[in-house]
Amino acid sequence: MFIALGVRPNPEPHPQLPSAPSAGAAGKQLKESVGINAGLLALGNVISALGDPKKRPAHVPYRDSKLTRLLQVTHSA
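Scope of this entry: the structure provided in the associated data block. (Residues numbered from 1 in each chain as written. Predicted model: local features only at pLDDT ≥ 70, side-chain atom pairs only at ≥ 80, totals over all residues. Heavy atoms only, no water.)

1. With respect to the side chain of serine 65
- With respect to the helices and strands, serine 65 occurs in the loop between helix H1 (23-51) and helix H2 (66-76).
- On the basis of relative accessibility, which here comes to 11%, the residue serine 65 falls in the buried class.
- Ignoring sequence-local partners within four residues, the contact set of serine 65 consists of Gly39 and Ala42. (Helix = DSSP H or I, 4+ residues; strand = E, 2+ residues; numbered from the N terminus. Buried < 20%, exposed > 50% of the residue type's maximum accessible area, 1.4 Å probe, protein only. Contact = heavy atoms within 4.5 Å.)

What follows is the structure, encoded as C-alpha cells:
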C-alpha cells in the first residue's frame, strides 16, 4: 500500500451523506405529485375529447380538475 507523505487515510470508509428528508416532507411530495398526475390525466382526456370529431358533440370532461376548468373558461370565450 502506498501512502503519500503528509496524507492520512480517511478513518471513515464512506463519505458523510446528507440525511434523508423527513417522512412528512416525503408524504407532502407524494400528495403533490398525485395531484399533478391527476390534473395531467384530466387534461389529456379533455384534449382527446376536443380532438376527436366523433366525441366532439358529446360531453367534454372540463370539471375533472382545476386545470381543465380554466380551459373551459378560455375555450368557451
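2. A word on the environment of valine 73
- Structurally, the position occupied by valine 73 is in helix H2.
- When the C-alpha positions of valine 73 and tyrosine 62 are compared, they lie 9.5 Å apart, and in sequence the two are 11 residues distant.

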